[in-house]
Amino acid sequence: MADEVYQVNAYQSEASPFLSLKRVAKEEKIQVEMISFQSTSKGFTAECGVRGGYIEFDNIDPKTVQQAVKLVSVRLSPNTTGQLVLDMACFPPQKGDPSYELFHKESQSIMNDLSEKANCISETFNSMTNTSCSKVKGSLFAFPQIKFNESALKAAKDAGLEPDTFYARELLEEAGVCVSSGNIFGQKPGTFHIRLTLMPTVAKVKDALERIRKFNESFHSKYA
């Protein structure tokens, strides 16, 4: 199952272009059953509230595909807006179209802002105590890693929380910044993360990062 809903949100498309799993499988001559997903709500065409998308079956047993079609057919009234937006997502404005220049300008502006926010997040967490963050090359989220010493681990255990959830709760209560704890999404045993979104404005992201920096220093001093 290939979740490829962030394929248009690649900030470094030249250095790290999006490659579909299907393309890789075909080029490498890998025989695999594959179901790919695309959504209208993760690109430029629509917000998350507009529901539309599609799945592609490749090398899947025809009987399985038949059952999937039957399941979809049960929904007799797919939303009209979602269908319209999906069509626009699949066929965006091209050069020469009346709307192309505006579409290109707005989408490029969005990508530039997302790239700036992604860089700010990785640079900030790579400069703080006991935190690190891989360079974010796409999508709308960052997953910085937080390292805890024994004192912090004990405090989290005493509170009945996972360490990253404990950190996230303290961050919210002390700095007013809301993040998700990494254990919600699955992570390598013995590692801890938080998830930040890139959706707020550049100014709000920078303000949140400054609050996180101050909190992080205080947190690790408290549990030194």
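What this report covers is the structure whose coordinates are included nearby. (Residues numbered from 1 in each chain as written. Predicted model: local features only at pLDDT ≥ 70, side-chain atom pairs only at ≥ 80, totals over all residues. Heavy atoms only, no water.)

1. A short note on the pattern of salt bridges
Pairs can form between side chains of opposite charge whenever their charged atoms are close. In this structure the tally under the stated criterion is seven salt bridges. Its salt-bridge partner being Glu170, residue Arg169 comes within 3.6 Å of it at the nearest N-O pair. (Salt bridge = Lys/Arg side-chain N within 4 Å of Asp/Glu carboxyl O.)

2. Considering helix 7 (residues 202–222)
The terminal C-alpha atoms of helix 7, which comprises 21 residues, lie 30 Å apart, in line with the 30 Å expected from a rise of 1.5 Å per residue. Turning to helix 7, its buried residues number three or more, namely Val202, Val205, Ala208, Leu209, Ile212, Phe215, Asn216, Phe219 and His220. Projected onto a plane normal to the axis of helix 7, the buried residues spread over an arc of 145° and lie on a single side. Exposed residues on helix 7 whose side chains face more than 90 degrees from its buried face are Ala203, Lys214, Ser221 and Lys222. The elements touched by buried residues of helix 7 are helix 4 (100–125), strand 4 (131–132), strand 6 (145–146), helix 5 (150–158), helix 6 (163–175) and strand 8 (194–197). (Helix = DSSP H or I, 4+ residues; strand = E, 2+ residues; numbered from the N terminus. Expected span 1.5 Å × (residues − 1). Buried < 20%, exposed > 50% of the residue type's maximum accessible area, 1.4 Å probe, protein only. Arc of directions from axis to C-beta. Contact = heavy atoms within 4.5 Å.)

3. Concerning the pairing of strand 8
In the case of a regular strand, side chains alternate between the two sheet surfaces. Burial of strand 8 is one-sided: the residues Ile194 and Leu196 facing one way are buried, the residues Arg195 and Thr197 facing the other way are not. In this sheet, strand 8 lies alongside strand 5 (residues 141–142) in antiparallel orientation, the contact comprising two bridges. Paired with Ala142 across the strands is Leu196, a residue of strand 8. Judged from the two bridges that link them, strand 7 (residues 180–181) and strand 8 form a sheet pairing that is antiparallel. Residue pairing across strands places Ser181 opposite Ile194, the latter belonging to strand 8. (Pairing = 2+ DSSP bridges.)

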